[in-house]
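In case you want the letters, here they are:
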Amino acid sequence: MRAGLKTNYLGISLQNPIVASASPLTGDLDTLCQLEQAGVAAAVLPSLFEEQISHDEQRIHAFYEYQSCTSAESLSYFPRLKDYNVGPHEYLRLLEAAKSTVSIPVIGSLNGSTPGGWARYAELIQEAGADAIELNIYFVATDPTMSSADVEQRYIDLVSTVRGAVRIPLAVKIGAQFSNLTNFVPRLVRAGANGVVLFNRFLEPDIDLEKLQITPQLVLSNRHELRLPLRWIAILRDQVSISLAATSGIHYPEDVIKLLLAGADVCMLTSTLLRHGAEYVSEMLNAIQNWLDAHEYASVEQLKGSMSYGNCPDSGNLERANYMKAIVSYTAAH
Ligand SMILES: Cc1cc2nc3c(=O)[nH]c(=O)nc-3n(C[C@H](O)[C@H](O)[C@H](O)COP(=O)(O)O)c2cc1C
């Protein structure tokens, strides 16, 4: 008998652990259908941004200046961005259309950073039929009077506000730059999060040397980036009982298997789908299935977390990663 691929995310039973994360791919009904056909178990719609709500109809397409950072062939996988994220009303219509077009769970996404009225849109997302909400808190602190505790409290307040507005499951997508995630994530849980998505990739600006301008270019991820969610999912798995989703740098089936071993409930993909197309999901699922069968796992559930911090004999490697030894062996080998 073949290994079962089912998993549970935010209390929702999913056919397998591969989820399409928020991107233009999930914001286009044709690509959303292709993703479903290829086997993704759920999809997160592109975010409704705080800026869009505050300045209804504001066009933010320039935010995603992706052209210069992807190869020519991968561009063919981009759906047209003409209608991508143009305003709250269109967003709710997209959500309703997605729900009536595909049968996989559809997660709505809210993206913002300030406490404020925009969070009430969570309720509208719920009413539009979303199976869950992903709250992407994207905050870059630049005010020197703001302490780390203030920054964390801002996240907690936002989560509480959204939790107060909706009944459906709530996942919080955060960046990795916190002093102690093992303290912070349980606080997010107490504020009402049912899951965390680790980790958001902040837009790192560049400088255009000819125009002498800061250029906010979105660069697709590379595979090494998965090491960060891998470490923190392994550490958090035994400390919290909520859902853990991995995002950033998951490009190949082996990456999914590693993150499941660390303790992820689902793995979310964007860059690899933009590079290889929606159909790559079925290839990944086949390879994951074959690996589980070859290694005599009965199911994804059995695999999940079996190499978490608590289950690893060499768990210290998850902390300082045997830093000194790694440096010495690198020097010796080169
Ligand atoms: C073109 C593009 C658009 C994205 N749009 C959103 C978005 O609207 N909301 C969000 O939370 N994340 C967004 N993301 C981030 C992805 O959901 C994902 O977390 C990130 O790309 C890391 O995963 P990856 O390594 O598989 O690309 C976007 C990423 C890309 C490349």
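What you see is a predicted model; the values in this text were computed from it and never measured.

Reading the values: rules and limits
Residues numbered from 1 in each chain as written. Predicted model: local features only at pLDDT ≥ 70, side-chain atom pairs only at ≥ 80, totals over all residues. Heavy atoms only, no water. Helix = DSSP H or I, 4+ residues; strand = E, 2+ residues; numbered from the N terminus. Buried < 20%, exposed > 50% of the residue type's maximum accessible area, 1.4 Å probe, protein only. Contact = heavy atoms within 4.5 Å. Areas by Shrake-Rupley, 256 points an atom, 1.4 Å probe, with all protein chains shown as cover. Salt bridge = Lys/Arg side-chain N within 4 Å of Asp/Glu carboxyl O. Pairing = 2+ DSSP bridges. Axes fitted to C-alpha atoms, helices over the stretch in contact; angles between N-to-C directions. Polar contact = N/O pair within 3.5 Å; in protein donor to acceptor, adjacent residues only side chain to side chain. Near = heavy atom within 4 Å. Patch = residues over 30% accessible without salt bridge, like charges linked within 9 Å, V, L, I, M, F, W, Y side chains within 5 Å. Core = buried A, V, L, I, M, F, W, Y, C linked by side-chain atoms within 4.5 Å.

What follows covers the overall build of the chain. A tally of regular secondary structure across the chain gives 13 helices and twelve strands. Counting across all 334 residues of the chain, residues that qualify as buried make up 52%. Contacts in the chain between residues at least 24 apart in sequence constitute 72% of all its contacts with a sequence separation of at least 6. Counting only carbon and sulfur atoms, one obtains 51% of the accessible surface of the chain, whose full area is about 15,800 Å².

Moving on: the pattern of salt bridges. Taken as a whole and assessed by the stated rule, the structure comprises ten salt bridges. In this structure, Glu 134 engages Lys 173 in a salt bridge whose closest nitrogen and oxygen atoms are separated by 3.9 Å. Highlighted residues: Glu 134 in strand S6 (residues 132-137) and Lys 173 in strand S7 (residues 170-174), separated in sequence by 39 residues. With a relative accessible area of 9%, Lys 173 lands in the buried category. We note a salt bridge from Arg 201 to Glu 225, for which the minimum N-O separation is 2.7 Å. A residue pair is termed long-range when its members are at least 10 positions apart, and Arg 201 in the loop between strand S8 (195-198) and strand S9 (206-208) and Glu 225 in the loop between strand S10 (213-215) and helix H8 (227-237) qualify at 24 residues. One continuous salt-bridge network, built from bridges that share partners, spans Arg 237, Asp 265, Glu 301 and Lys 304.

Let us now look at the sheet that holds strand S11 (residues 243-247). Strands pair in a sheet through their backbones, by hydrogen bonds, and they do so in one of two ways: parallel or antiparallel. Spatially, the eight strands close up into a barrel ordered S3-S4-S5-S6-S7-S8-S11-S12, and their pairing is parallel. Shown here is a sheet whose adjacent strand axes are inclined to one another by a mean of 25°, direction ignored. In the sheet, S7 pairs with S8 via four bridges, with the strands oriented parallel. Bridge pairing in S8 links Ile 174 to Leu 198.

With that out of the way, let us pick up the side chain of Ser 47. Mapped onto the elements of the fold, Ser 47 is located in strand S4 (residues 42-49). In this structure Ser 47 comes out as buried when scored by relative accessible area, which is 6%. Among the polar contacts made by the side chain of Ser 47, one reaches the side chain of Ser 109 at a distance of 2.6 Å.

Cis geometry marks the peptide bond from Leu 198 to Phe 199; its omega dihedral reads 0°. One can find Phe 199 in the loop between S8 and S9. Not every positive phi belongs to a glycine, and Leu 212 is a case in point at roughly 50°. With respect to the helices, strands and loops of the structure, Leu 212 is situated in the loop between S9 and S10. Under the relative-accessibility criterion, Leu 212 is labelled exposed at 67%. A positive phi is found at Glu 296, a non-glycine position, where the angle reads about 60°. Examined against the element boundaries, Glu 296 turns out to sit in the loop between helix H11 (280-294) and helix H12 (300-303).

Right, let's talk about the site of the ligand for a bit. Lining the immediate surroundings of the ligand are 22 residues, of which Ala 22, Ser 47, Asn 136, Ser 221 and Ser 271 lie closest. Ser 248 is positioned such that a nitrogen or oxygen atom in its backbone is 3.4 Å from an oxygen atom of the ligand. Gly 249 is positioned such that a nitrogen or oxygen atom in its backbone is 2.7 Å from an oxygen atom of the ligand. Relative to its free-state accessible area of 600 Å², the ligand is covered by the protein chains to the extent of 97%. Those elements that provide at least two residues to the shell around the ligand are S4 and helix H10 (271-276).

Here the focus is a nonpolar patch on the surface. A cluster of nonpolar residues, Ile 207, Leu 209, Leu 212 and Ile 214, forms a patch on the protein surface that exposes about 480 Å² of accessible area. Topologically, Ile 207 is positioned in strand S9. By relative accessible area, Ile 207 is classed as partly exposed at 47%.

Considering the arrangement of structural elements, one finds Thr 247 in strand S11. Taking relative accessible area as the criterion, Thr 247 reaches 8% and is therefore assigned buried. Among all residues touching Thr 247, those that are not within four sequence positions of it are Ser 21, Lys 173, Val 197, Leu 198, Phe 199, Asn 200, Pro 229 and Met 268.

Right, let's get into the nonpolar core. As a rule of thumb, nonpolar side chains are buried together in soluble globular proteins. Counting residues in hydrophobic clusters, the biggest one holds 87 residues, and the most contacted among them are Ile 18, Leu 110, Tyr 155, Val 159, Ile 174 and Leu 188. Excluding residues that lie within four positions of it along the chain, Val 159 makes contacts with Leu 135, Ile 137, Leu 170, Val 172, Leu 188, Ala 191, Gly 192 and Ala 193. In this structure, Ile 12, Ala 41, Val 266 and Met 268 belong to the second largest nonpolar core, which totals 15 residues.

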